[in-house]
Amino acid sequence: MQLLAAMLFLQNRQLTHLSPVDIIILLLYFAVVVFIGFYVKGSTNTSEEFFLAGRQMTAWIAGLSFVSANLGSLELMGWAGSAYQYGILATHWYWIGAIPAMLFLGIVMMPFYYISKTHSVPGYLQLRFGEGARGLAAVSFGFMTILMSGVNMYAMALVMKVILGWDINFSIWVGAATVALYVMLGGLRSAIINEVLQFVLIWAGAALIPILGLIEAGGWTNLKAQIAVNVGNTNYTHMWSTLGHFKDNPMGINWVGIVFGLGAIISFGYWTTDFLVVQRVLSAHNLRAAKMAPVLGAAFKMAVPLIVIVPGLLALGVLRDPHTHQLIHLVGENQVDAAHPYSYNEVLPLMLIRYCGPGLLGLGITALVAGFMSGMAGNVSAFSTVWTYDLYGAYMNKRAPDKHYVLMGRWSTIVGMLISIGTAYLVMNAASIMDYVQALFSFFIAPLFGTVILGMLWKRATNWGGFLGLLAGTVSSISMWIYTNFGTAAHKADALAHIALSRDAQPMANDMFRALWSWLICVAVTIAVSYMTTPRPESELNGLVYGATVIPDDGATRIWQKPIFWACIVAVVFVVLNIIFW
Amino acid sequence: MAEGTGRGELLSIWFFVGVMTLAYGIVLLPYGAWEWFGGHEPGTVLHELHPTFWWGLLLLIFGSFYTIRYRPRPGDKDVA
């Protein structure tokens, strides 16, 4: 949320303005997005069509949508800023922090999600662990998702205010109304079509920055040399060689935190159990497409650092004042002043303005708007599904006709968006709420992964084990967060040292280690309670658990049709890239 | 079948992708040509490479390919 804090500080000035050709480009985008909503409305009449896009999507579409739902502009701008602040280490959030988990989802977990015919991740928990685990997961997910949507909405409005001087109320209401309209009309189908479109537009709008930037810098090797000269060391362009100890890298983290905290827990928690992204894959039209979608998504995800991380690194190397030719030093949001007018988080807009004149600037702004809207649509469509299936349909009205649930899905989209707007205004008046919303979201991800993975891979896990493990993991995560975030500065430093096992650890390491501990607690409690309680008969676990399920043939006959073949190729490229940028 | 847009619909998702990028190419290419040949280059870094013109041309080609390749045809209508 550093980005938002910086934007709050800077909201009384604007970086640039749009010309008529930019406005034409932006209006074209809005026209197509709304048209898609009306166009697909006719084919979203059943709940399966509205909430799961009729399970008709190909692997390419589900895969692109899977990545796009996560590619919000807050993420783009935030990680570009992190790349400036921490160097190439930020790439870990796109590679080890995503690729292994995505491949694992496709090859190992997707068959269970898909053949269980669940509508949602809480729905899977209900099938596997009963109502307790489902209720806990559904309430926490629904609540957090809608709050996150509000934070995203406010972030979009603030970014538009800072870059273009737009009125915040205008941006909030136009963005929310557009997303609500196309999701309410076309449900997940409409959201997915738009997400694919948005993915293409994000690349069309942002890819010129690294291309022109690398031309200006004289190539990657020259850029690395310039960065080394500008920052005084070579730590900013190495991904692994500086991770031996917390003190050796700009992020204040070590390889244990990156590999186990980020790579093994946070990443797997997000990419395999966050329904916002998993819902996109559940829309696949057959098992093979469902397995291939995350694999294809992983391939595209590996390329995203080009448009996010490279601009941040380019700014370290080439961002100079056009008049004085002095290097521009970006600073933290609390240090912005007349001598240092820009913060880290303005890297992407600054680089956009540096290379893109009228027309291309409009395309870049459209890419940012598209990113925000895909993020909001992802949140609101996932919320509407979990609300309708796992809360309203599970606890309030179990036997309504299908049409009633579709209507509930449409209305919950509107209500969800209104709550998001309320959250956006709440955040506007009390910025610290953003930090709490972000933290709340992180409480559930790691323990949920512990519960789901044990549920899928271990037949002995019982209903009580699953529920109490999830509860214990969540409560422990909240407790650790309170322990490290409240009290005197000395207490906070001690607490961080205890959680991250080093006095040199920085706040980023805190998140990684908190996730690791809460996952371990969830798993330990689940195992202990499961051994003390009676397991379900194996016959009830068919389609839900490895070892109790005959996984149907996915129809692949030739090697290039097999998801595992492509997963291996993606894995090899992933390893090679990490070695190249070691 | 119109890929991914649902039952009874003629337009593929890729057709939307094509139309959108084609429209942007149609806007950017002439604007880039006007900048280049009319001497109206913006004051951006590397403007001498005429990025608006070339990017507009790329989007036009990409968009044209997808629009034509995935244009609706009578046989596409899904009867499921």
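1. As for the overall build of chain A
Argument step 1. Of the regular secondary structure elements, chain A holds 23 helices and zero strands.
Argument step 2. In terms of overall dimensions, chain A is globule-like: its C-alpha atoms have a radius of gyration of 23 Å, near the 25 Å expected for 582 residues.
Argument step 3. Of all 582 residues assigned to chain A, the portion counted as buried reaches 58%.

2. Overview of the overall build of chain B
Argument step 1. Along the backbone of chain B there are two helices and zero strands.
Argument step 2. Here chain B, with 80 residues, has 45% of them falling under the buried criterion.
Argument step 3. Partitioning the intrachain contacts of chain B with sequence separation of at least 6 by distance along the chain shows that 68% fall at a separation of at least 24.

3. What about the nonpolar core?
Argument step 1. Counting 227 residues, the largest nonpolar core has Val179(A), Val196(A), Ala293(A) and Phe16(B) as its most contacted members.
Argument step 2. Setting aside chain neighbours within four positions, we find Val179(A) in contact with Met373(A), Met376(A), Ala377(A), Val380(A) and Met417(A).

4. Quick notes on the interface of chain A and chain B
Argument step 1. Each partner contributes to the interface: chain A provides 33 residues, whereas chain B provides 28 residues.
Argument step 2. For the side of chain A that touches chain B, the secondary structure elements donating two or more residues are helix H2 (20-40), helix H9 (168-206), helix H10 (208-217), helix H16 (347-355) and helix H17 (360-396) of chain A.
Argument step 3. Per element, the largest residue contribution to the side of chain A that touches chain B is eight residues, and it comes from H2(A).
Argument step 4. In terms of residue class, the side of chain A that touches chain B is built from 23 nonpolar, six polar and four charged.

5. Some words on the packing of helix H7 (residues 121-129) of chain A against helix H8 (residues 131-164) of chain A
Residue and element names in this part refer to chain A.
Argument step 1. Relative to each other, H7 and H8 sit at 165°, their axes nearing to 7 Å. It follows from the interaxial angle that H7 and H8 lie roughly antiparallel. Helix-helix and strand crossings are classified by hand; for H7 and H8 the assignment is right-handed. Touching Val 121, Pro 122, Leu 125, Gln 126 and Phe 129 of H7 are Glu 131, Ala 133, Arg 134, Ala 137, Ala 138 and Phe 141, all from H8.
Argument step 2. Classifying every residue of the contact of H7 with H8 gives eight nonpolar, one polar and two charged.

6. A word on the confidence of the model for chain B
Argument step 1. Looking at chain B, pLDDT values average 84 and 80% of them are 70 or higher.
Argument step 2. In the predicted assembly, ipTM is 0.88 and pTM is 0.88.

7. Brief notes about unusual backbone geometry
All names here are of chain B.
Argument step 1. Of note in the backbone geometry, Leu 46 takes a positive phi value of approximately 65° without being a glycine.
Argument step 2. Its 15 C-beta neighbours within 10 Å are what place Leu 46 among the partly exposed residues.
Argument step 3. Positive phi values are uncommon outside glycine, yet His 50 reaches one of about 55°.
Argument step 4. Mapped onto the elements, His 50 comes out in the loop between helix H1 (13-37) and helix H2 (51-69).
Argument step 5. A count of 17 C-beta atoms within 10 Å places His 50 in the partly exposed class.

8. Observations concerning H8(A)
Argument step 1. Across its 34 residues, H8(A) extends 48 Å between first and last C-alpha, which sits within 8% of the 50 Å expected from 1.5 Å per residue.
Argument step 2. Within H8(A), 28 of the 34 residues are buried, which leaves the element mostly enclosed by the surrounding structure.

9. A short note on the environment of Val231(A)
Residue and element names in this part refer to chain A.
Argument step 1. Topologically, Val 231 is positioned in helix H11 (residues 220-231).
Argument step 2. For Val 231, a count of 15 C-beta atoms within 10 Å puts it in the partly exposed group.
Argument step 3. For the pair Val 231 and Thr 451, spaced 220 residues apart in sequence, the C-alpha to C-alpha distance is 44 Å.
Argument step 4. With residues up to four places along the chain from it excluded, the contact list for Val 231 reads Tyr 236 and Leu 316.

10. Quick look at the environment of Asp511(A)
Argument step 1. Tracing the backbone through its elements, the reader meets Asp511(A) in helix H22 (residues 507-532).
Argument step 2. Residues Asp511(A) and Met480(A), spaced 31 residues apart in sequence, show a C-alpha to C-alpha distance of 9.9 Å.

11. Structural notes on helix H14 (residues 287-303) of chain A
All names here are of chain A.
Argument step 1. In this model, H14 (17 residues) spans 26 Å end to end at C-alpha, consistent with the 24 Å of a helix rising 1.5 Å per residue.
Argument step 2. Burial runs high along H14: 12 of the 17 residues are buried.
Argument step 3. When we look at burial in H14, the residues that qualify are Ala 289, Ala 290, Lys 291, Met 292, Ala 293, Pro 294, Val 295, Leu 296, Gly 297, Ala 298, Ala 299 and Lys 301.
Argument step 4. The secondary structure elements touched by the buried residues of H14 are helix H4 (59-68), helix H6 (99-115), helix H13 (275-282) and helix H23 (563-580).

12. Quick notes on the packing of H17(A) against helix H18 (residues 402-429) of chain A
Residue and element names in this part refer to chain A.
Argument step 1. Axis separation between H17 and H18 bottoms out at 8 Å; the angle between their running directions is 125°. As summarised for this structure, H17 and H18 are arranged oblique, according to the angle between their axes. Crossing handedness for the pair H17 and H18: right-handed. Contacts between H17 and H18 involve Val 380, Phe 383, Ser 384, Trp 387, Thr 388, Tyr 392 and Gly 393 on the former and, on the latter, Tyr 405, Met 408, Gly 409, Ser 412, Thr 413, Gly 416, Met 417 and Ser 420.

What counts and what doesn't
Residues numbered from 1 in each chain as written. Chains lettered and ligands numbered in written order. Predicted model: local features only at pLDDT ≥ 70, side-chain atom pairs only at ≥ 80, totals over all residues. Helix = DSSP H or I, 4+ residues; strand = E, 2+ residues; numbered from the N terminus. Rg over C-alpha atoms; globule rule 2.2 N^0.38 Å. Buried ≥ 20, exposed ≤ 12 C-beta atoms within 10 Å, placed from the backbone. Contact = placed C-beta atoms within 7 Å. Core = buried A, V, L, I, M, F, W, Y, C linked by C-beta atoms within 7 Å. Nonpolar A, V, L, I, M, F, W, Y, C, P; charged D, E, K, R; others polar. Axes fitted to C-alpha atoms, helices over the stretch in contact; angles between N-to-C directions. Parallel < 35°, antiparallel > 145°, perpendicular 65-115°, else oblique. Left-handed = near helix turned anticlockwise from the far one by under 90°. pLDDT = per-residue confidence, 0-100. Expected span 1.5 Å × (residues − 1).

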